[in-house]
Amino acid sequence: MPNLLDFDAAMLQAIAIAKSAKASGDVPVGAIIYNANGEEIARGNNQRELHGDPTAHAEIVAIRAATEKLGNWRLDGCTLVVTLEPCAMCAGATAQARIAHVVFGAWDEKAGAVGSVWDVIRDPRAVVKVEVTSGIRSDECALLLKDFFATYRD
């Protein structure tokens with residue numbers, strides 16, 4: 001798992017991935033999964049518009065790629081780095097995949113499920129416990145979203 005000094009660099013990579021989602025009209029969110037040794041094993045960006053799939057959030061795309069690469073649905077010891085706080089679906093998928101640590105940038109005050117609206121993965125009743133680190137490059141991650149949605153409001 002990347003140490004705290006690595007989270008900043010990892011988030012910069014996730015931001016670059018998020019920017020690639022804009023080409024398809026998708027909300028710019030990027031995700032990377034690292035194994036327990038801190039090696040990147042998968043990445044994803046939002047692809048809902050691209051594929052017409054409501055489940056194609058960056059986290060889900062990355063989880064699917066990681067499980068395919070490893071040949072196992074269990075991502076024990078892995079870290080998910082994502083530019084936006086995961087929603088309920090993505091937080092649930094993270095726990096189901098047994099991801100050990102979630103690192104995210106911007107808070108999602110409307111649909112976040114890792115502390116802002118809900119806290120799915122740290123709920124005391126949750127079977128799987130997931131460590132969370134929040135706010136890594138949060139201003140930069142939030143600005144990506146603000147700029148994207150500003151184009152729809154003009």
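Definitions and limits used
- Throughout this document, residue positions are counted from 1 along each chain, in the order its sequence is written.
- Restriction of local features to residues with pLDDT of at least 70 applies here, the model being predicted, together with a cutoff of 80 or more for giving and counting side-chain atom pairs; totals for whole chains, interfaces and linings are based on all residues.
- Excluding hydrogens and water, the side-chain values take into account all heavy atoms of the structure.
- Two strands are counted as paired when DSSP detects at least two bridges linking them.
- The helix and strand labels rest on DSSP assignments: H or I over at least four residues marks a helix, E over at least two residues marks a strand, and numbering proceeds from the N terminus.
- An axis is simply a line fitted to the C-alpha atoms; with a helix, the fit covers only the stretch in contact. Between two such axes, the angle follows the N-to-C directions and lies from 0 to 180 degrees.
- Contact between two residues is taken to exist if any of their heavy atoms lie within 4.5 Å; hydrogens are not considered.
- For every residue, the accessible area (1.4 Å probe, protein chains only) is compared with the maximum for its type, and the residue is labelled buried under 20%, exposed over 50%, or partly exposed between those bounds.
- Within 6.5 Å between ring centres, the rings of Phe, Tyr and Trp (the latter by its six-membered ring) count as paired, and their orientation is classed by plane angle as stacked under 30 degrees, edge-to-face over 60, tilted in between.
- Patches draw on residues past 30% relative accessible area with no salt bridge. Two like charges within 9 Å are joined, as are two nonpolar side chains (Val, Leu, Ile, Met, Phe, Trp, Tyr) within 5 Å.
- Each accessible area is a Shrake-Rupley estimate made with a 1.4 Å probe; only the visible protein chains count as cover when residues are assessed.
- Take a side-chain nitrogen of Lys or Arg and a carboxyl oxygen of Asp or Glu: if they are within 4 Å of each other, that pair is a salt bridge.
- Residues belong to a common nonpolar core when they are buried Ala, Val, Leu, Ile, Met, Phe, Trp, Tyr or Cys residues joined through side-chain atoms within 4.5 Å.
- For this text, the term disulfide refers to a pair of cysteine sulfurs within 2.5 Å.

1. Quick word on the sheet that holds strand S4 (residues 101–106)
Alright, step 1. Read from one edge to the other, the open sheet built from five strands follows the order S2-S1-S3-S4-S5, with strand pairing classed as mixed. The sheet is open, and its two borders are formed by strand S2 (40–45) and strand S5 (131–133), each paired with just one other strand. Recorded for the sheet is a direction-independent mean angle of 15 degrees between the axes of neighbouring strands.
Alright, step 2. Note: S4 against S5, three bridges, orientation parallel. What sits directly across from Val 102, in S5, is Val 132.
Alright, step 3. Sheet strands touched by helix H3 (residues 58–70): strand S1 (30–34), S2 and strand S3 (79–84). Its angle to S2, the strand with the most contacts, is close to 145 degrees.

2. Topic: the side chain of Gln 47
Alright, step 1. Here Gln 47 lies in the loop between S2 and helix H2 (48–51).
Alright, step 2. Since its relative accessible area comes to 17%, Gln 47 is described here as buried.

3. Focus on the packing of aromatic side chains
Alright, step 1. Overall, the coordinates contain two aromatic pairs when judged by the stated rule.
Alright, step 2. When the centroid spacing of 4.9 Å and the interplanar angle of 90 degrees are considered together, the rings of Phe 104 and Trp 107 count as edge-to-face.
Alright, step 3. Exposure remark for Phe 104: the relative accessible area of 0% places this residue in the buried category.
Alright, step 4. Judged by relative accessible area, which is 39%, Trp 107 ranks as partly exposed.
Alright, step 5. Between Phe 148 and Phe 149, the aromatic rings sit 5.1 Å apart at their centres with planes inclined by 85 degrees, giving edge-to-face as the arrangement.
Alright, step 6. Of the residues examined, Phe 148 reaches a relative accessible area of 7% and is grouped as buried.
Alright, step 7. Here Phe 149 falls in the partly exposed class, since its relative accessible area comes to 32%.

4. So, a nonpolar patch on the surface
Alright, step 1. Taken together, Val 117, Trp 118 and Val 120 make up a surface patch of nonpolar side chains, about 250 Å² in accessible area.
Alright, step 2. Relative to the assigned elements, Trp 118 resides in the loop between S4 and S5.
Alright, step 3. By relative accessible area, which is 47% here, Trp 118 ends up partly exposed.

5. Let's talk about the nonpolar core
Alright, step 1. Grouped together as the largest cluster of nonpolar side chains are 44 residues, with contacts concentrated most on Met 11, Val 29, Ile 33, Leu 75, Val 81, Ile 99 and Ile 121.
Alright, step 2. Where this core is concerned, the elements lending two or more residues are helix H1 (4–21), S1, S2, H3, S3, helix H4 (88–96), S4 and helix H5 (138–153).
Alright, step 3. Leave out the neighbours within four places in its chain, and Ile 121 touches Ala 91, Ala 95, Val 102, Ala 113, Val 114, Ala 126, Val 128, Lys 129, Val 130 and Val 132.

6. Some words on the environment of Cys 78
Alright, step 1. If you trace the backbone, Cys 78 turns up in the loop between H3 and S3.
Alright, step 2. Residue classification places Cys 78 among the buried residues on the basis of a relative accessible area of 3%.
Alright, step 3. For the pair Cys 78 and His 101, spaced 23 residues apart in sequence, the C-alpha separation works out to 6.7 Å.
Alright, step 4. When near neighbours in sequence (up to four residues on either side) are disregarded, Cys 78 contacts Ile 33, Tyr 34, Asn 35, Ile 41, Ile 99, Ala 100 and His 101.

7. Points about the state of the cysteines
Alright, step 1. Tallying each qualifying case throughout the model produces zero disulfides.
Alright, step 2. With no disulfide of its own, Cys 90 lies closest to Cys 87 among cysteine sulfurs, the gap being 3.7 Å.
Alright, step 3. Residue Cys 90 is classed as buried on the basis of its relative accessible area, which comes to 0%.

8. Overview of the pattern of salt bridges
Alright, step 1. Tallied over the entire structure, the rule returns seven salt bridges.
Alright, step 2. Residue Asp 123 pairs with Arg 125 through a salt bridge whose shortest N-O separation is 2.6 Å.
Alright, step 3. For Arg 125, a relative accessible area of 71% puts it in the exposed group.
Alright, step 4. Ionic pairing is found between Arg 137 and Glu 140, a salt bridge with its closest N-O pair at 2.5 Å.
Alright, step 5. Of the residues examined, Arg 137 reaches a relative accessible area of 28% and is grouped as partly exposed.
Alright, step 6. Salt bridges sharing partners connect three or more residues here, namely Asp 8, Arg 137 and Glu 140.

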